[in-house]
Amino acid sequence: MFKSFFLSRRWFAWSILGTAVILFATWYRVQLDVRINEWFGSFYDVVQKALAKPGSISLDEYWKQLGTFLHIAMIYVLVAVVLDFFVKHYIFRWRQAMNDYYMSHWDRLRHIEGAAQRVQEDTMRFASIMEGLGIEFMRSLMVLAAFLPILAGLSAKVTELPYFGAVSYSLVWVAIAFALGGTLLLAVVGVKLPGLQFQNQRVEAAYRKELVYGEDDPARAQPPQVQTLFGAVRRNYFTLFFHYLYFDVAKWSYLQVGVLVPYAALGPTLVGGVVTLGVMQQIVRAFGRVESAFQFLVLSWSTIVELMSVYKRLRAFEHQIEAGPPPEGVQPASA
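What counts, and at which threshold
Numbering of residues starts from 1 in every chain and runs along the sequence as written. Under the rules for a predicted model, residues below a pLDDT of 70 receive no local features and side-chain atom pairs below 80 are neither given nor counted, while totals for whole chains, interfaces and linings still include all residues. Neither water nor hydrogens contribute to the side-chain values; these are computed over all heavy atoms in the structure. Only DSSP runs of H or I reaching four residues or more are called helices, and only runs of E reaching two or more are called strands; each is numbered from the N terminus. All radius of gyration figures rest on C-alpha atoms, and the globule criterion is 2.2 Å times the number of residues raised to 0.38. A simple rule labels every residue: compare its accessible area, found with a 1.4 Å probe on the protein chains alone, to the largest value its type can have, and call it buried under 20%, exposed over 50%, or partly exposed in between. It only takes one pair of heavy atoms within 4.5 Å for two residues to be counted as in contact. Only the protein chains shown count as cover for residues, with accessible areas throughout obtained via the Shrake-Rupley method and a probe of 1.4 Å. For the purpose of charge, His is not counted, nor are the chain termini; Lys and Arg are scored as positive and Asp and Glu as negative. Here the site of a charge means atom NZ of a Lys, CZ of an Arg, CG of an Asp or CD of a Glu. Geometry of aromatic contacts follows a simple scheme: Phe, Tyr and Trp rings, the Trp one being its six-membered ring, pair when their centres are within 6.5 Å, and the pair is stacked under 30 degrees between planes, edge-to-face over 60, tilted otherwise. Geometrically, a lysine NZ or arginine CZ counts as sitting over a ring once it is within 6 Å of the ring centre and also within 35 degrees of the ring normal. Each residue carries a pLDDT score, the predictor's own confidence in it, on a scale running from 0 to 100. The method works on a 1 Å grid over the protein atoms by themselves. A cavity is a set of points holding a 1.4 Å probe that cannot get out, a pocket is an open set with protein on both sides within 12 Å along at least five of seven lines, and residues with an atom within 4 Å of a point line them. Grid points are joined across faces, edges and corners, and a volume is the space filled by probe spheres set on the points. All residues other than Ala, Val, Leu, Ile, Met, Phe, Trp, Tyr, Cys, Pro, Asp, Glu, Lys and Arg, Gly among them, are scored as polar; the first ten of these are nonpolar and the last four charged. UniProt positions are given in the numbering used here, feature names are shortened, and annotations may be inferred rather than shown by experiment.

The name an unreviewed UniProt entry gives the protein is Peptide antibiotic transporter SbmA, with Ramlibacter humi as the organism.

Below you can see the structure in the form of structure tokens.
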């Protein structure tokens, strides 16, 4: 899964240099986001000034503020589109590296149940999920590096927290506490999901294999066999649906409550009229960025569950390369 791409001289330009390009572009997008956050502060201060005292700003000043945002936003869009195009090629190269490696050992792998699916589908899913999670993880670290100092500085404008009073770096501590609590909550609530996802792929592979055999052998894929295999698929899906039901209740409830957290933390400060509208917008936006960075596991948990399932199947698949094909008459293990 990794050495075929990252330790291969053939794929050096894509695996190492390509990763560096992706990380640099991701860092640049974070810097643009910081500039947009600063713009929000100045723009809403201008709006507040205009509403409080009509005629205090000119229309040219207002258009200049909008033009500044448009300039930053267009650069952000250009970088995002080019990066997305590059990542698509990067992912396919990773998939191709795995595909070439597995096919070079096909004589040892072809006996495994669902081998074709592992090579054709799981390589693509693994590369895609790993790249998506990897970019998001690195982006989270870069966001923290960029926005934590900003949020710490803005915390000096917060007079006190509800029930806790004055706290140094108050908004930083609130973001950490809320994100950590949500991560632990969803880790506990979703503990059964990886195993169910793995089992789901096994029953799907068994069902698919029988149908493929039935295309050439009229004795295979008979109604009793199909009903039994599809019954296993049905049971696993329904179990998965049930566990995702309460997981999604916990996840979406947590995320919706999170919208109110910065406003609740700012309650005494806003009621006291200590900050301007622009500063409030900067605080809320910076808090959201820091909180979402700390919530990487929360926001990515469903994807991580899928990755764990794909990883387990491919690891079982790769073990067969060393083990070799099974002896004659021996039923091969499932991947």
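Right, picking up where we left off after that structure.
So, about the overall build of the protein. A tally of regular secondary structure across the protein gives 11 helices and 0 strands. When the helices and strands of the protein are placed in sequence order, the string is α-α-α-α-α-α-α-α-α-α-α. At 26 Å, the protein has a C-alpha radius of gyration far larger than the 20 Å of a compact globule built from 335 residues. In terms of principal-axis extent, the alpha carbons of the protein reach across some 85 × 45 × 35 Å. Sorting the 335 residues of the protein into buried and exposed places 41% on the buried side. Look at the contacts in the protein between residues 6 or more apart in sequence, and 81% of them connect residues 24 or more apart. Accessible surface for the protein amounts to roughly 18300 Å². Of this, 65% is attributable to carbon and sulfur atoms. One finds the centroid of the 30 positive side-chain charges in the protein at a distance of 2 Å from the centroid of its 25 negative side-chain charges.

Moving on to the packing of aromatic side chains. Centre distance and the angle of the planes are the two values used to describe a pair of aromatic rings. For the structure on display, the rule yields 21 aromatic pairs. Ring geometry for W14 versus F86: centroids 5.3 Å apart, planes at 25 degrees, classification stacked. Of this pair, W14 sits in helix α2 (residues 12-52) while F86 sits in helix α3 (residues 59-103); the two residues are 72 residues apart in sequence, bridging distant segments of the chain. Look at F178 and Y254: their rings are 4.5 Å apart centre to centre, the planes differ by 15 degrees, and that puts the pair in the stacked class. Of this pair, F178 sits in helix α6 (residues 170-189) while Y254 sits in helix α8 (residues 223-265), and the two are 76 residues apart along the sequence. Exposure remark for Y254: the relative accessible area of 8% places this residue in the buried category. Each member of the aromatic cluster is reached from another via a ring pair, and the members are W39, F40, F43, Y44, Y62, W63 and F69. The residue whose ring lies beneath K251 is W252, and the NZ or CZ to ring-centre distance is 5.2 Å.

What follows deals with the confidence of the model for the protein. Looking at the protein, the pLDDT average stands at 82 and 93% of residues meet or exceed 70. In the model of the protein, helix α4 (residues 106-109) stands out as the element of lowest mean pLDDT, 72, in contrast to α3, which has the highest, 89. Below a pLDDT of 50 lies the segment residues 326-335, which in the model reaches 17 contacts outside its immediate sequence neighbourhood of four places, other chains included.

This next bit is on the layout of surface pockets. The computed volume of the second largest pocket comes to approximately 220 Å³. Breaking the lining of the second largest pocket down by element, the ones donating at least two residues are α8 and α10 (277-294). In terms of residue count, the dominant contributor to the lining of the second largest pocket is α8 (6 residues). Considered class by class, the residues forming the lining of the second largest pocket number 9 nonpolar, 4 polar and 1 charged.

This part covers the UniProt feature "transmembrane region" (unreviewed entry) in the protein. In the UniProt entry, the feature "transmembrane region" (unreviewed entry) is given for residues 12-30, 68-87, 133-154, 166-191 and 260-280. Annotated as 100% helix and 0% strand, the span residues 133-154 places its first and last C-alpha atoms 30 Å apart.

In this section: the environment of A80. Within the fold, A80 resides in helix α3. When its relative accessible area of 22% is taken as the criterion, A80 is described as partly exposed. Sequence separation between A80 and R285 is 205 residues; the distance between their C-alpha atoms is 20 Å.

A separate point is unusual backbone geometry. A positive phi angle, close to 70 degrees, is found at Y163, a residue other than glycine. Looking at the secondary structure, you find Y163 in the loop between α5 (115-155) and α6. Owing to a relative accessible area of 86%, Y163 belongs among the exposed residues under this scheme. Although it is not a glycine, Y169 sits at a positive phi angle of roughly 55 degrees.

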